[in-house]
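# Structural overview for review
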Amino acid sequence: MSLPIAPTPQLQMRPLDGQAGVSLARQLLLWLLLPQLVVWLAGGVASYRLASGYVNQAIDASLLQASKALARQLKPIGNGLLIDFPKAAQDILEADPSDRLLYTVSSPPGQFILGNQSLPLPENFENLPLGEPQFYSGSTPARDAHTPSPQALRIAALRLSLGDGPQPSTMLVQVARSSANREELAQKILVDMLLPMSALVLLLTLLVWAGIRAGLSPLHRLRLQVEGRAPTDLAPLQLASAPRELWSLANALNTLLAAVQSNVNTQKRFIGDAAHQLRTPLAGLKSQTEIALQSVSDPALRVRLERVHESATRSAHLVNQLLTLARAEPESLMAQDRQRFDLARMARLLTAELVPRALKLNMDLGMDEDDGAVAQPVWVEGNELLIREAVSNLIDNALYYAGDGAQITVSVHCTGRRARLCVSDNGPGIPAPERERAMERFVRGTDIGNGCGLGLAIVREIIERHGGTVSLADAIPHGLQVTLDLPLAV
Amino acid sequence: MKLLLAEDDALLADALSTQLRGAGFQVAHAPNGAVADYLLEREPQDIAVLDLGLPMLDGLSVLQKLRARQPELPVILLTARDSLNDRVAGLQAGADDYVTKPFDFPELLARLQALLRRSQRRQGMASQVGRLSLDEGARRAWVAGESIELSGREWTLLSLLVQQQGKVVTKEQIHAAWSDEAEVGGGNAIEVYVHRLRRKTDRAGVNIRTVRGIGYLLEAEAS
């Protein structure tokens, strides 16, 4: 027999097809910060070059001044040169031992007259314009005790005329300074500029990050709204202050939710319609066979008719059970009313209603004697009709399976924060290994009786939907005890 | 007893009519709501059985129109829908009882008889179980034609059991029925009254059963 109803739609977390892409926040951060980094690097390079340019200018100016001052100390006398170079002036020039000023005077250019170091000559020094300084880079020849290795130098060269003779000779004044100092200065300037710039970049990064977070927060709220809702809550999503882009997504989702809601409603209507469509003809079939049974005298025909009647009764029972099961599905259960009710009173009224049937079957159905004391109410919360159906199924089961003359007892009491309802009988019971299977749909404990094998499955479905548990145990001295454990209403 | 049966399913209506006639009712059958309404208005009935899902005019509307004219007529609703809302709607519209399809005919019959007994009691008519007869108007009872002496509470209890014969009368119901009858020296123990009633009706062909932890049930002894 195939399952006549759709299997329970299990709401499972299923990952989306495909892979989750890069996070939007990360992508935005990347695209906003990468250009910043490039600008920062370019700015660093540019400012380094600018700084070294200014430093060169400043050093060149000081070199020029020094060379002019040096030139003033040399006075032509006739054919010779008067060198008025006092020790004091020499000391000033060589004041800083770590950044020694190097100088050379040569005349004619190339012929060493004076100096503390022979400096490399500028290119094309013969034709250097008079009085105009030339700046260039070079290095010391490595033969000096002070400078064991070649040293990068910045050199200023000034060519001057000597005297006004008919054949005026020229002299070349060269003043140099080590480049190391100059680079140090440029680096210092660079660092001084880059530090605040880096701080600025860091600050901007933080601001951008905060901005992205703020911008994406509606997305987060939307996710929480969708994530946090019960599978049956199909109310439209509420987005009070969402950006336009999210607004359309939320609208699309709401359209989908409305469609699902309408589907659920259709299904619920179907349950009602199916009930009517199936129950009415079954009622007719049952009644017709009942009449036929009263008037038939042929024993063979009578047996056949009894079979038809039994089958009609069973079909009717099955329809009822299936409809109850459909109503206990989470989708429809949540849509129905939950109210606070007295489980003890419900059990008493239900048991009272079933007593006449038990008497007909020669069974003793009753409740735990409470010595005449006023029965204490046991308040639980839920769908009373469904829980009643569950208890009714338990008593039905006992009536089917406990056997002739059996005693069936219903009891309700509180234990701590739980309500406990027991239905016990002194019939044959269910062997322990088969108990778990007995609660599955369409599994029957025995082949006798009219059961369709849905009873315990329905009970479990209903009770678990109400946050309760169903357990089977041995009754004492023999028989089955089914216990429903439900949370008490607060 | 005149009974109106409003049921649109031909198979069920035919079977029910046959069974009800067999049980001694004069059955008028209405295949739709409009006919039911017409018959209820034109011909006096003792009881009505209404299907909720009738064509032309649904059962609830028929019931509402009927209640406007005859608030007293006992009505049983037959329905395939048994959600809480459907039940509440039916009972609010003024139905006296409610039977869900498919049902066992004996159950429907028992409910019809219970409703009729209640209706007769309202009209002060006598009810009978086995050799026990009760006159609701005079609050008197006879066993095999012989009057029996009953205290106020004994009478109330017996009357309750007879009205609901074959069904369990709960202790709650008994206490509720007794609430406006203070009886000196009686105590509160229902068991004592039941014991006395059993003694006084021991030749009446009725049996008062104790239903463990719930209450009592009166049934006619099998003859």
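Helices and strands together make up the secondary structure of chain A, namely 10 helices and 14 strands. Within chain A, the fraction of its 490 residues that count as buried is 25%. Within chain A, contacts between residues separated by at least 24 positions form 64% of all contacts whose residues are at least 6 apart in sequence.

A few words on the packing of helix α6 (residues 152–163) of chain B against helix α8 (residues 190–200) of chain B. All names here are of chain B. Direction vectors running N to C along α6 and α8 enclose 75°, while the axes themselves pass 10 Å from each other. The angle between α6 and α8 places the two elements in the roughly perpendicular class. Contacts between α6 and α8 involve Arg-153, Glu-154, Leu-157 and Leu-158 from the first element and Tyr-193, Arg-196 and Leu-197 from the second. Looking at the contact of α6 with α8, its residues break down into 4 nonpolar, no polar and 3 charged.

Before going further, it helps to examine the environment of B:Ala48. Residues and elements named next belong to chain B. Along the chain, the position of Ala-48 falls in strand β3 (residues 47–51). With 28 C-beta atoms counted inside 10 Å, the residue Ala-48 sits in the buried group. When residues no more than four places from it in sequence are discounted, the contact partners of Ala-48 are Leu-4, Leu-40, Leu-73 and Val-75.

Residues with a pLDDT of 70 or more make up 94% of chain B, whose mean pLDDT is 85. Among the prediction metrics, the complex's ipTM stands at 0.71, with pTM recorded as 0.55.

Let us look at unusual backbone geometry. The amide bond that connects A:Ile476 to the next residue, A:Pro477, takes the cis arrangement and shows omega of 0°. Cis geometry marks the peptide bond from B:Lys101 to B:Pro102; its omega dihedral reads -10°. Despite not being glycine, B:Met56 shows a phi value in the positive range, around 70°. If you trace the backbone, B:Met56 turns up in the loop between β3 and α3 (59–69). For B:Met56, a count of 15 C-beta atoms within 10 Å gives the class partly exposed. With phi around 50°, B:Ala144 is a residue other than glycine that occupies positive phi space. Structurally, B:Ala144 can be placed in the loop between β8 (140–143) and β9 (146–148). Here B:Ala144 falls in the exposed class, since 11 other C-beta atoms lie within 10 Å of it.

All names here are of chain B. The strand order across the open sheet formed by 3 strands is β10-β12-β11, and the pairing between neighbours is antiparallel. The open sheet terminates on both sides in strands that have one partner only, identified here as β10 (168–170) and β11 (206–211). When the angles between neighbouring strand axes are averaged without regard to direction, this sheet yields 25°. Across 6 bridges, β11 lies against strand β12 (residues 215–220) in antiparallel orientation. Looking at the pairing, Val-206 lines up with Ala-220 of β12. The strands touched by α6 are β10, β11 and β12; relative to β12, the strand with the most contacts, the crossing angle is about 65°.

Residue and element names in this part refer to chain B. Across the two faces of strand β6 (residues 126–129) the burial differs, with Ser-127 and Val-129 buried and Ala-126 and Gln-128 not buried at all. Where β6 and strand β7 (residues 132–135) come together, 4 bridges link them in antiparallel fashion. Along β7, the bridge assignment pairs Gln-128 with Ser-133. The antiparallel pairing of β6 with β7 creates a hairpin that spans 2 residues between the two strands, and Gly-130 there sits at a positive phi of about 55°.

Rules used in this analysis
Residues numbered from 1 in each chain as written. Chains lettered and ligands numbered in written order. Predicted model: local features only at pLDDT ≥ 70, side-chain atom pairs only at ≥ 80, totals over all residues. Helix = DSSP H or I, 4+ residues; strand = E, 2+ residues; numbered from the N terminus. Buried ≥ 20, exposed ≤ 12 C-beta atoms within 10 Å, placed from the backbone. Contact = placed C-beta atoms within 7 Å. Axes fitted to C-alpha atoms, helices over the stretch in contact; angles between N-to-C directions. Parallel < 35°, antiparallel > 145°, perpendicular 65-115°, else oblique. Nonpolar A, V, L, I, M, F, W, Y, C, P; charged D, E, K, R; others polar. pLDDT = per-residue confidence, 0-100. Pairing = 2+ DSSP bridges.

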